[in-house]
Amino acid sequence: METLKISTKPTMSHIQNQIHPLNLKPYPLIHNSRILGVYNNKGGRTFSFTLTCKLKVKTVKGTKTNNEKSVSGQITVPDSDSAPPIIEAEEGSIGNGEKKMEQKNSVSGSGLFKKLPRKVLGILSNLPLAIAEMFAVAGLMALGTFIDQGEAPDYYFQKFPDDHPFLGFFSWRWVLTLGFDHMFSSPVFLGTLTLLGASLMACTYTTQIPLVKVARRWSFLNSAETIRKQEYADTLPRASVKDLGVILMGDGFEVFSKGPALYAFKGLAGRFAPIGVHLSLLLVMSGGTLSATGSFRGAVTVPQGLNFVAGDVLSPSGFLSTPSDAFSTEIHVNRFSMDYYDSGEVSQFHTDLSLYDLNGKEVMRKTISVNDPLRYGGITIYQTDWSISALQVLKDGEGPFNLAMAPLQMNGGDKKLFGTFLPVEDGDSPNVKGISMLARDLQSVILYDKQGKFAGVRRPNSKLPIEIDGTKIVIVDAIGSSGLDLKTDPGVPVVYAGFGALMLTTCISYLSHTQLWALQDGTSVVVGGKTNRAKGEFPDAINRLLDQVPELVETSSPKESDSLVASKLELERTGLDV
Amino acid sequence: MIFSTLEHILTHISFSIVSIVITIHLITFLVDEIVKLYDSSEKGIIVTFFCITGLLVTRWISSGHFPLSDLYESLIFLSWSFSLIHIIPYFKKNVLILSKITGPSAIFTQGFATSGILTEIHQSVILVPALQSEWLIMHVSMMILGYAALLCGSLLSVALLVITFRKNRQLFYKSNGFLNESFFLGENVLQNTSFFSAKNYYRSQLIQQLDYWSYRVISLGFTFLTIGILSGAVWANEAWGSYWNWDPKETWAFITWIVFAIYLHTRTNRNLRGANSAIVASIGFLIIWICYFGVNLLGIGLHSYGSFPSTFN
């Protein structure tokens with residue numbers, strides 16, 4: 001037995017060492033071939049996006065001989081965390097998956113404790129159950145957007161009356177009992193989500209992790225028949241398996257060869273990525289839980305020039321919320337300003353903030369705006385709202401007086417309007433008359449006289465006086481209030497890590513894991529292969545590669561193309577049967 | 001000024017080309033497959049693609065921000081994505097059925113966007129403070145590319161369902177006819193069945209192709225959707241103070257994501273594959289429209305940029 005090393009990739013070098021004949025141990029290789037066979041049998045032609053959960057359960061059921069416990073036991077792999085051993089699959093084992101599995105019953109009489117969790121695992125990793133859970137989550141969320149959230153009970157009494165229930169049964173009793181008025185924190189929804197998370201874990205543990213162990217190994221096929229039974233099969237006349245190996249390496253395959261047999265694979269990451277998707281989803285879920293239980297939130301509207309202490313605003317959201325040192329920070333709003341477009345619409349809001357520690361020392365200063373929050377000691381301060389707190393007005397040269405502005409109710413629309421009132425007559429009379437001032441933003445103030453008629457518009461800071469009913473008024477300044485949101489969220493780093501991993505693994509999941517086997521059969525080479533995702537393009541891609549394989553003897557009749565056509569026909573035929 | 005004129009010209013060109021292409025498609029659909037006409041409709045879509053690209057670029061330059069701030073612009077971008085998928089040579093070479101889906105989809109969205117229904121919001125609007133972020137480009141373009149790919153994939157699945165159910169019905173008819181005819185025309189029946197089996201062969205080939213390509217396109221769209229949702233979450237953490245707000249649009253995007261995750265899971269199981277997964281994808285088709293359009297039309301939640309102007313967030 002001679003070993004031929006073709007792959008020169010440094011990452012695989014440690015594996016190369018293992019191929020050395022001396023290290024080649026007789027090893028109960030049935031594991032690998034058996035499992036591959038099962039996939040061929042059950043999984044059919046597709047290895048799918050997220051690795052199967054149902055598959056596993058079926059495997060256990062279908063091949064169960066005398067016990068129900070060895071779910072994970074049958075896919076045990078030697079603990080050597082180093083290189084995977086080389087495997088010679090028994091002839092014919094790949095392709096016809098109905099091979100009986102011998103089961104190793106390792107569970108003794110005290111297995112009841114092991115039995116129960118395994119049963120639970122088996123149920124949880126059931127694919128139809130997981131699909132049902134996903135549908136349930138989706139349905140509950142949809143319901144959550146149809147039912148207005150967070151209203152008072154009276155609202156639901158009116159909207160879903162008992163005497164005219166929606167769809168004949170859906171009344172406010174349902175809404176309030178099941179907590180659908182706050183769907184996304186209701187026990188029903190959170191319970192379903194938890195169940196889904198449990199399924200995710202169970203599936204990862206019972207199905208996906210064992211798949212890794214299988215896929216990390218490879219096997220040579222030593223029978224031309226077996227190779228021809230692959231989803232794609234072809235015969236190259238007058239070719240050498242070494243040439244094929246070189247060409248495959250050039251296309252990014254990892255190539256292993258032993259004697260006349262060759263095994264090559266590509267895109268192994270595509271097979272592992274769904275596990276990563278599941279794990280990162282779990283990471284996001286745990287981060288979300290941490291956020292829900294361990295964060296502080298608070299909102300405050302602070303007039304320009306005033307200050308507040310962070311800890312006074314922040315209130316805990318869950319039992320894990322623990323305040324930090326930064327909570328004693330005093331935050332001073334130095335200035336609140338707004339930018340405008342030429343059309344007069346608001347383009348941006350800015351708040352100049354100073355942070356002082358307990359000793360009164362300024363530790364940070366930053367102008368925040370929407371999309372540009374301030375972060376200090378775990379606290380994040382967002383610009384989220386605004387209002388006008390006061391107008392500074394000179395009345396007949398006296399003052400300045402601060403007139404408090406009140407938000408006015410607008411019918412419709414979400415534009416803001418603020419108003420104030422300056423009495424010009426004796427304030428003791430029962431119906432005081434005076435000048436009304438309205439402002440939409442900090443740009444301009446609209447003034448109305450005693451009769452309520454429009455008197456004029458003034459810009460703050462313009463120092464241009466306006467005379468209304470004999471009173472000379474100068475609007476010195478409009479003082480805005482900044483609406484700030486504060487939060488601490490220990491879950492964010494976890495969630496972000498999950499996001500990053502999820503994006504990456506989802507992208508990798510699009511790749512296909514392609515496996516090729518080849519065998520030198522006299523002067524011709526038999527090639528067979530399969531892939532798990534890009535099945536449509538696979539034959540074309542492989543044909544392109546095989547076309548590059550040089551013919552050893554120069555002959556005039558290009559028989560290769562004939563055989564290509566023939567095998568394509570065969571492929572179509574077999575494809576139809578499946 | 002010059003930009004708005006250019007924009008008008010490009011809009012009109014793309015719209016007129018789109019109308020012509022619709023007519024050509026109708027003719028080829030109703031009358032017969034006239035190769036020359038079909039080729040010209042292909043060229044028409046390429047020209048439309050460049051027109052829409054020009055339109056987007058002009059809007060970008062004239063407004064100074066990435067043109068994805070309202071419903072009209074996102075519709076234009078959606079039709080741009082469709083025509084992009086349509087003209088990608090990779091898909092063109094391999095999947096003729098896909099271009100049968102993307103072409104008309106691009107035509108319909110472009111037609112809808114430029115038609116009179118949405119004229120009042122054609123004017124490029126100012127960008128509200130919450131949208132002023134680099135995340136806008138990443139989030140919205142990924143979402144809409146994802147929608148485009150998912151819509152294509154789920155339409156392929158809808159086509160698969162239609163063909164599958166028509167096949168079942170025809171088989172039923174066929175068996176009826178079989179009984180009647182077999183009384184007196186034995187030979188004819190034999191010929192008929194061989195003809196049908198050839199037809200069935202092509203049909204099952206087509207179903208396999210539809211199944212496979214809807215799976216591939218949906219996987220691609222799912223990737224885009226995932227990136228879009230996650231980048232949106234990161235952006236929300238910058239702008240609104242929380243990475244997830246259970247806002248209607250977010251929730252529906254998540255529902256879409258879950259439905260297509262279900263689709264991808266049904267693909268892993270042999271028993272559920274085929275018609276079952278196609279049904280899931282067809283549900284997904286409806287849900288994308290609810291997510292993309294329905295939520296905007298209701299104008300609720302934080303994502304209500306397309307429906308009416310808001311002053312803050």
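Residues numbered from 1 in each chain as written. Chains lettered and ligands numbered in written order. Predicted model: local features only at pLDDT ≥ 70, side-chain atom pairs only at ≥ 80, totals over all residues.

## Some details on the overall build of chain B
Consideration 1: Assigned secondary structure in chain B consists of 9 helices and 0 strands.
Consideration 2: In chain B, the succession of helices and strands from N to C terminus is α-α-α-α-α-α-α-α-α.
Consideration 3: Across the 313 residues that make up chain B, the buried fraction comes to 44%.
Consideration 4: Counting only contacts in chain B whose residues sit at least 6 apart along the sequence, the fraction spanning at least 24 positions is 78%. (Helix = DSSP H or I, 4+ residues; strand = E, 2+ residues; numbered from the N terminus. Buried ≥ 20, exposed ≤ 12 C-beta atoms within 10 Å, placed from the backbone. Contact = placed C-beta atoms within 7 Å.)

## Observations concerning the overall build of chain A
Consideration 1: Assigned secondary structure in chain A consists of 15 helices and 24 strands.
Consideration 2: Going through the 578 residues of chain A one by one, you find that 34% of them count as buried.
Consideration 3: A separation of at least 24 residues holds for 66% of the contacts in chain A among residues at least 6 apart in sequence.

## Re the UniProt feature "transmembrane region" in chain B
Residue and element names in this part refer to chain B.
Consideration 1: Mapped onto the present numbering, the UniProt feature "transmembrane region" falls on residues 9–29, 44–64, 71–91, 111–131, 143–163, 217–237, 244–264 and 278–298.
Consideration 2: The straight-line gap between the two end C-alpha atoms of residues 44–64 is 29 Å; of that span, 95% is helix and 0% is strand.
Consideration 3: Counted over residues 244–264, helix gives 81% and strand 0%. Its end C-alpha atoms are 24 Å apart. (UniProt positions renumbered as here; feature names shortened; annotations may be inferred.)

## What about the domain arrangement of chain B?
All names here are of chain B.
Consideration 1: Each assigned domain of chain B is listed here: domain 1 (1–121) and domain 2 (130–177 + 195–306).
Consideration 2: Taken together, the contacts link 17 residues of domain 1 with 21 residues of domain 2.
Consideration 3: Elements with a contribution of two residues or more to the side of domain 1 that touches domain 2: helix 3 (71–87) and helix 5 (96–114).
Consideration 4: Of all the elements, helix 3 adds the most residues to the side of domain 1 that touches domain 2, at 7 residues.
Consideration 5: Class assignment of the residues belonging to the side of domain 1 that touches domain 2 gives a composition of 11 nonpolar, 5 polar and 1 charged. (Domains from an automatic or database assignment. Nonpolar A, V, L, I, M, F, W, Y, C, P; charged D, E, K, R; others polar.)

## Quick word on the packing of helix 11 (residues 268–294) of chain A against helix 13 (residues 492–508) of chain A
Residue and element names in this part refer to chain A.
Consideration 1: Interhelical geometry of helix 11 versus helix 13 gives an angle of 160° and a closest axis separation of 7 Å. As judged from the angle between their axes, helix 11 and helix 13 are roughly antiparallel. You can see that helix 11 and helix 13 cross each other, and the crossing is left-handed.
Consideration 2: Among the residues making up the contact of helix 11 with helix 13, the classes are represented as 15 nonpolar, 10 polar and no charged. (Axes fitted to C-alpha atoms, helices over the stretch in contact; angles between N-to-C directions. Parallel < 35°, antiparallel > 145°, perpendicular 65-115°, else oblique. Left-handed = near helix turned anticlockwise from the far one by under 90°.)

## Some words on the sheet that holds strand 11 (residues 346–356) of chain A
All names here are of chain A.
Consideration 1: A sheet is described by the order of its strands in space; here 4 strands give the open sequence 8-10-11-12, paired in antiparallel fashion. Taken across any chain shown, the strands that pair with only one partner, and hence form the sheet edges, are strand 8 (307–309) and strand 12 (362–369). Neighbouring strand axes in the sheet, compared pairwise and without regard to direction, differ in orientation by 25° on average.
Consideration 2: Pairing analysis gives 10 bridges linking strand 10 (residues 330–340) to strand 11, with the strands arranged antiparallel. When the sheet's bridge partners are listed, D339 is paired in strand 11 with Q348. (Pairing = 2+ DSSP bridges.)

## Focus on helix 13 of chain A
Residue and element names in this part refer to chain A.
Consideration 1: Between its first and last C-alpha atoms helix 13 spans 24 Å; for 17 residues at 1.5 Å apiece the expected length is 24 Å, and the two agree.
Consideration 2: Burial in helix 13 covers these residues: V492, V495, G498, F499, L502, T505 and T506. All buried residues of helix 13 project into a common sector of 160° when viewed along the axis, lining one side. (Expected span 1.5 Å × (residues − 1). Arc of directions from axis to C-beta.)

## A closer look at the UniProt feature "domain: ResB-like" (unreviewed entry) in chain A
Consideration 1: In this structure's numbering, the residues bearing the UniProt feature "domain: ResB-like" (unreviewed entry) are residues 129–389 and 443–541 of chain A.
Consideration 2: Taken end to end, residues 443–541 of chain A comprises 21% helix and 46% strand; its first and last C-alpha atoms sit 65 Å apart.

## Some words on helix 11 of chain A
Residues and elements named next belong to chain A.
Consideration 1: In this model, helix 11 (27 residues) spans 39 Å end to end at C-alpha, consistent with the 39 Å of a helix rising 1.5 Å per residue.
Consideration 2: Roughly 30° is the biggest bend found in helix 11, and it falls at P274.
Consideration 3: Those residues of helix 11 that sit buried are G270, R271, A273, P274, I275, V277, H278, S280, V284, G287 and S291.
Consideration 4: Packing partners of the buried residues in helix 11 comprise helix 8 (187–215) and helix 13. (Bend = angle between axes of the 7 residues up to and from the residue.)

## Brief notes about the confidence of the model for chain B
Residues and elements named next belong to chain B.
Consideration 1: For chain B, per-residue confidence averages 76 on the pLDDT scale, and 75% of positions sit at 70 or higher.
Consideration 2: Taken as a whole, residues 177–191 scores under 50 in pLDDT and shows 4 contacts with residues more than four places along the chain or in a different chain.
Consideration 3: Taken as a whole, residues 306–313 scores under 50 in pLDDT and shows 22 contacts with residues more than four places along the chain or in a different chain. (pLDDT = per-residue confidence, 0-100.)

## Remarks on the confidence of the model for chain A
Residues and elements named next belong to chain A.
Consideration 1: Taken residue by residue, chain A gives an average pLDDT of 74. The fraction at 70 or more is 73%.
Consideration 2: Here helix 2 (residues 30–43) stands out as the element of chain A with the lowest mean pLDDT, 35, in contrast to helix 13, whose mean of 94 is the highest.
Consideration 3: Contacts for the low-pLDDT stretch residues 1–109, under 50 throughout, to residues beyond four places or in other chains number 175 contacts.
Consideration 4: Contacts from residues 555–578, a stretch scored under 50 in pLDDT, to residues over four places away or in other chains number 16 contacts.

## Focus: the sheet that holds strand 17 (residues 418–423) of chain A
Strand pairing in a sheet is mediated by backbone hydrogen bonds. Such pairs are either parallel or antiparallel.
All names here are of chain A.
Consideration 1: Taken in spatial order, the 5 strands make up an open sheet running 16-17-18-19-20, and their pairing is antiparallel. Edge positions in the open sheet fall to strand 16 (406–407) and strand 20 (454–458), since each of these has one partner strand only.
Consideration 2: Strand direction decides the pairing type here: strand 16 and strand 17, joined by 2 bridges, are antiparallel. What sits directly across from A406, in strand 17, is G419.

## A look at the domain arrangement of chain A
Consideration 1: Split into domains, chain A comes out as domain 1 (118–207), domain 2 (222–267 + 512–553) and domain 3 (296–424 + 433–488).
Consideration 2: Centre-to-centre, using C-alpha coordinates, domain 2 of chain A lies 72 Å away from domain 3 of chain A.

## Notes on the interface of chain B and chain A
Consideration 1: Contact with chain B, which involves 45 residues of that partner, is made by 51 residues of chain A.
Consideration 2: The set of elements that each furnish at least two residues to the side of chain B that touches chain A consists of helix 7 (186–239) and helix 8 (248–268) of chain B.
Consideration 3: Of the residues in the side of chain B that touches chain A, the class split is 24 nonpolar, 17 polar and 4 charged.

## Here's the deal with the pairing of strand 24 (residues 524–531) of chain A
All names here are of chain A.
Consideration 1: Of all 8 residues in strand 24, 8 are buried, a share of seventy percent or more.
Consideration 2: As judged from the 5 bridges shared by strand 4 (residues 232–236) and strand 24, these two strands associate in the antiparallel manner. Residue pairing in the sheet places Y232 in a bridge with G529 of strand 24.
Consideration 3: The pairing of strand 23 (residues 514–521) with strand 24 spans 8 bridges and is antiparallel. Note that in strand 24 the partner of A518 across the bridge is V527.
Consideration 4: Counted between consecutive antiparallel strands, the loop separating strand 23 from strand 24 contains 2 residues, among which G522 sits at a positive phi close to 70°.

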